[in-house]
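# Per-entry structural report
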Amino acid sequence: MNTLETFFKIRERGSSVRTEVLAGMTTFATMAYIIILQPVNMRDTGMDTVGILIATALVSALITMLMGVAANMPIALAPGIASGIVLTYSIVAPGLATWQVGLGMSMISAILFLVLSLFKIREKIVELIPKNIKIGISAGLGIFIIRTALVNSGLVNPDFRGFGDFSDPSVLLSAVSIVICFILYFLRVKTGGREYRIRSSLLIAIIVTTVAGIPMGVVRVPSSIFTSGGLSSLGNIAFKADVAGALRPEYIAFVLAFFVSDFFGTLATALGLGQQMGMLDENGNFPIIGKIFLVDAIGSVVGTCMGVTVVTSYVESASGIEVGGRTGLASVVTGLFFLLAVLFAPLFLMIPAAATTPVLLIIGFVMMQGLKSIDFEIEEWVPVGMLIISTLFYGISQGIGIGLLTYCCVKSAYYLFTDERGRDKLPSLFTILFTLLTCIQFFI
């Protein structure tokens, strides 16, 4: 215990070994879905689905543990859902390339990440983004999480036109899980002059909801708790990326699509989690973000080698942070559970979406609290507001692009058409160039 506390600086960050273990378990419980969702998203490529499942679990385990040891942060990583969908339905399904060539495109993007991270270029980019925009990214990510949770659970229709069908047992279970989770999360007991809360409330809520889903017919108990197929299926997809075949001019747009998706996904997640832990400095920067970017880049290279797409940091890490996780030990625990999932995937995959819905709602609300430190002067607030609304309706990377574009327009107009013409009223040259880069995604 003393060795763990010293290595991970657990006491220094106001945590304990028990809390870090609970945090790691909670994070895994909220993102275990990726183990099955990734094979579902990529099965139409013709790849071995059991191999995808094994690769997803292994890569997630190894890179998440690396994040814990190298960066000492409670951040879990896994292959990106969006990049898997791009590979399947934008590249392979239309017949533009084979899945091997598609993985080659992803590999090129991953190598670009690694080069930018080694030379700390990604780190410098974050430092030069306006402070309010960085706070807005965290809040926008929070509202996106809320939307995703409500839509995926069926509580709200995808087009936002009314509530879902509450005659559906899975939707009803989602509603019940919110009540269970909120009661446990906000329960406070005062005794002996001290106030106590249930530190593991989120994990308990997930377990209780999963058990409750069995008699409701939402959760099916598997016939076997062991993964069928074994590691032999991994050889059907690992080390098959065709980088040479991906070096054709017509594939540049897809390489950029992989790049933009992971770049802004990790950027938003890192800033959001840093805000949640109170580790951002007075300028909204995250001092340790360079290490996070480097591990993320290494994960992307490893992931494409193993047969899955670029690896990214997952916002579900916020669930572990919310129960008190503050160090890399939580990530190591999450990684160990991913390793167990290689052998016992059916057991972990019993967790329904309904069980994680209230957890994600709480995470989203917590991440939006950063708005309390924002500058609400109209010329400062409008770009942030546009970023948040755009993220809600279109996605994280699109929201950042629209927010930065609005920032440049508002600042330029304020400089040109008001009496306050100080240089601080103009967007910097870097901000303009970075904005143009983010807008490439709207044309690919």
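Structure: see above.
Residues numbered from 1 in each chain as written. Predicted model: local features only at pLDDT ≥ 70, side-chain atom pairs only at ≥ 80, totals over all residues. Heavy atoms only, no water.

### Section: the packing of helix α4 (residues 49-71) against helix α14 (residues 328-348)
- The geometry of α4 relative to α14 is characterised by a closest axis approach of 7 Å and an angle of 165° between their N-to-C directions. Relative to α14, the element α4 is oriented roughly antiparallel. By crossing handedness, the relation of α4 to α14 is classed as left-handed. For the pair α4 and α14, the contacting residues are L53, I54, A57, L58, S60, A61, T64, M65, M67, G68 and V69 in the first and G328, S331, V332, T334, G335, L336, F338, L339, V342 and A345 in the second.
- Of the residues in the contact of α4 with α14, the class split is 14 nonpolar, seven polar and no charged. (Axes fitted to C-alpha atoms, helices over the stretch in contact; angles between N-to-C directions. Helix = DSSP H or I, 4+ residues; strand = E, 2+ residues; numbered from the N terminus. Parallel < 35°, antiparallel > 145°, perpendicular 65-115°, else oblique. Left-handed = near helix turned anticlockwise from the far one by under 90°. Contact = heavy atoms within 4.5 Å. Nonpolar A, V, L, I, M, F, W, Y, C, P; charged D, E, K, R; others polar.)

### Quick notes on the side chain of S201
- Structurally, the position occupied by S201 is in helix α10 (residues 201-212).
- Here S201 is in contact with L184 and Y185, once residues within four sequence places are set aside.

### Side note on the pairing of strand β3 (residues 194-197)
- Two elements, strand β2 (residues 188-191) and β3, share four bridges in a ladder whose sense is antiparallel. Across the sheet, R188 pairs through a bridge with R197, a residue of β3. (Pairing = 2+ DSSP bridges.)

### A short note on empty space enclosed by the protein
- Taken as a whole, this structure holds one cavity of 30 Å³ or more when the rule is applied.
- A volume near 40 Å³ is recorded for the largest cavity.
- Taken together, A23, G24, T27, P74, I75, A76, S317, G320, I321, A330, S331 and T334 form the lining of the largest cavity.
- The set of elements that each furnish at least two residues to the lining of the largest cavity consists of α2 (17-31), α13 (317-322) and α14. (1 Å grid on protein atoms, 1.4 Å probe; cavity = no way out; pocket = protein on both sides within 12 Å on 5 of 7 lines; lining within 4 Å. Points joined across faces, edges and corners; volume = space filled by probe spheres on them.)

### A short note on the pattern of salt bridges
- Scanning the model with the defined rule gives five salt bridges in all.
- Ionic pairing is found between R11 and E5, a salt bridge with its closest N-O pair at 3.1 Å.
- In this structure E5 comes out as buried when scored by relative accessible area, which is 18%.
- Where K411 meets E380, a salt bridge forms, and the shortest distance between an N and an O atom there is 2.7 Å. On the criterion of sequence distance, the pair formed by K411 in helix α17 (residues 396-417) and E380 in helix α16 (residues 378-393) is long-range, its members being 31 residues apart.
- Residue classification places K411 among the buried positions, given a relative accessible area of 5%.
- By relative accessible area, E380 is classed as buried at 18%. (Salt bridge = Lys/Arg side-chain N within 4 Å of Asp/Glu carboxyl O. Buried < 20%, exposed > 50% of the residue type's maximum accessible area, 1.4 Å probe, protein only.)

### Some thoughts on the nonpolar core
- M73, M105, L267 and F286 are the most contacted members of the largest nonpolar core, which has 119 residues in total.
- The contact partners of M73, leaving out residues within four places of it in the chain, are R13, M67, G68, M277, M279, F286, I288, I292, T327, G328 and S331.
- Core analysis: the second largest hydrophobic core is formed by eight residues, I135, L371, I374 and V384 among them. (Core = buried A, V, L, I, M, F, W, Y, C linked by side-chain atoms within 4.5 Å.)

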